[in-house]
Amino acid sequence: MRPLVNTAQSEAWNGYEGRHWSDHHDRWNAVNGGFDAHLLAAAAIRPEDRVLDIGCGTGQTTRLAARAAHRGAVLGLDLSEPMLARARELAAEEGPAGIDFRCGDAQVHPLPAAAFDVAVSRFGVMFFQDPAAAFANVGSALRPGGRIAFTCMADPSRTDWVRVVGVLGALVPPTATAGASGTATEASGTATAGASGTATEACGDVPDPGMFSLADPGRIRRVLTSAGFEAVSVVPCEADGLWGRDAEDAAAFVLDSGPARHFLAPLGPDSAERARAEVVRSLREFERARGVLLRTAAWLVTATRP
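Cut-offs applied
- Residues numbered from 1 in each chain as written.
- Predicted model: local features only at pLDDT ≥ 70, side-chain atom pairs only at ≥ 80, totals over all residues.
- Heavy atoms only, no water.
- Helix = DSSP H or I, 4+ residues; strand = E, 2+ residues; numbered from the N terminus.
- Buried < 20%, exposed > 50% of the residue type's maximum accessible area, 1.4 Å probe, protein only.
- Contact = heavy atoms within 4.5 Å.
- Areas by Shrake-Rupley, 256 points an atom, 1.4 Å probe, with all protein chains shown as cover.
- Pairing = 2+ DSSP bridges.
- Axes fitted to C-alpha atoms, helices over the stretch in contact; angles between N-to-C directions.
- Polar contact = N/O pair within 3.5 Å; in protein donor to acceptor, adjacent residues only side chain to side chain.
- Disulfide = S-S within 2.5 Å.
- Core = buried A, V, L, I, M, F, W, Y, C linked by side-chain atoms within 4.5 Å.

K.L.:
Lay out the overall build of the chain in plain terms, naming residues and giving numbers.
P.N.:
The helix and strand inventory of the chain stands at 15 helices and seven strands. Sorting the 306 residues of the chain into buried and exposed places 54% on the buried side. Expressed as a percentage of contacts within the chain between residues at least 6 apart in sequence, the contacts between residues at least 24 apart total 82%. In the form shown here, the chain has an accessible surface area of approximately 11,900 Å², with 54% of it arising from carbon and sulfur atoms.

K.L.:
Go over the sheet that holds strand 5 (residues 142-153) with me, naming the residues and quoting the values.
P.N.:
Taken together, the seven strands give an open sheet; going across it, the order is 3-2-1-4-5-7-6, and neighbouring strands pair in mixed fashion. Two strands close off the open sheet at either side, each with one partner strand: strand 3 (99-103) and strand 6 (230-244). Here the strands of the sheet are splayed against their neighbours by 20 degrees on average, with no regard to which way each runs. Pairing between strand 4 (residues 116-122) and strand 5: six bridges, direction parallel. The residue of strand 5 that forms the bridge with Val118 is Arg147. On the sheet, helix 7 (residues 131-141) packs against strand 1 (50-54), strand 4 and strand 5 and is oriented at approximately 140 degrees with respect to strand 5.

K.L.:
Kindly report on the side chain of Asp49, identifying the contributing residues and their values.
P.N.:
Relative to the assigned elements, Asp49 resides in the loop between helix 4 (36-43) and strand 1. There is a polar contact of 2.9 Å between the side chain of Asp49 and the side chain of Arg147.

K.L.:
Would you mind going over helix 2 (residues 16-23) in detail, with residue names and values included?
P.N.:
Residues separated by three or four positions in an α-helix point in the same direction, a consequence of the helix having 3.6 residues per turn. Among the residues of helix 2, those classed as buried are Glu17, Gly18, His20, Trp21 and Ser22. Residues of helix 2 that are buried make contact with helix 1 (7-13), helix 3 (25-32), helix 6 (81-94), helix 13 (247-255) and helix 14 (258-264).

K.L.:
Before we move on, can you summarise the state of the cysteines with the specific residues and values?
P.N.:
Counted by the stated rule, this structure contains zero disulfides. Here Cys103 stays unpaired: no disulfide links it, and the sulfur of Cys56, its closest cysteine neighbor, is 9.3 Å away. Given the relative accessible area of 13%, Cys103 is considered buried.

K.L.:
Go over the nonpolar core with me, naming the residues and quoting the values.
P.N.:
Phe135 and Trp243 are the most contacted members of the largest nonpolar core, which totals 82 residues. With residues up to four places along the chain from it excluded, the contact list for Phe135 reads Val125, Phe128, Ile148, Phe150, Leu214, Val223, Leu224, Ala227 and Phe229. Counting residues in each nonpolar core, the second largest holds six residues, with Cys56, Leu84, Phe101 and Cys103 among its members.

Given below as structure tokens:
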């Protein structure tokens, strides 16, 4: 039995949410793919590098890392069996070679000591029950001088989709939002940090895992330093995500994700339709020729293992 401490995250990502991300991997990559070039540039992966992709999901960043480390090897690690099944399928179809995927909790997974040159993650590090322990475990898997590069969510008030889904706050009972706050399902992009809490609360020293648990750059530096990293750099990074063809399509996608389904479950048909209409209305201002574009504000973080 593999070690596991982040049980709530495992349940979410091996349930509906993981299946939703697996089934709609192309759409989620359209939402988050704008950060890929920034992440890879920061990671500075070399052809011979051995790379660890933390919270690899359906493996887009794993495949990109493997193309950069074309004479090396890449391991994608994630809690979600549904997403890993899709990652393996896509890697077999698209390549490149040198990729392995494993199901595990990065906080406690028995990673080989000093086995990697680089660790990367695109929005996969915000959900650890004990972030310092998780980053220490990742650090032990890096060789001396090895580096980590990741993106994590910044202040939610700077992110368009938080404002969009914030309209649900007036329609959803407080008990519903409390039931989903801080869970892995917030990563779907329908977190209601903007509706069920303030940006200040989301950016504080949050002890629980959640989409905005590392939104405070000071906390990122403290966590990584306590985990044994040095030369910690935290810089702002923003990108537009493509959420749908138009407002109706984007709203259907958002409202079909795990958190939205959870929030809307207590509502009757009339209230649910009113919520859908409000989300569509909020998305109208973001319609462009390419589709619905929402800007996400993140931190691009790098650090080195001494």
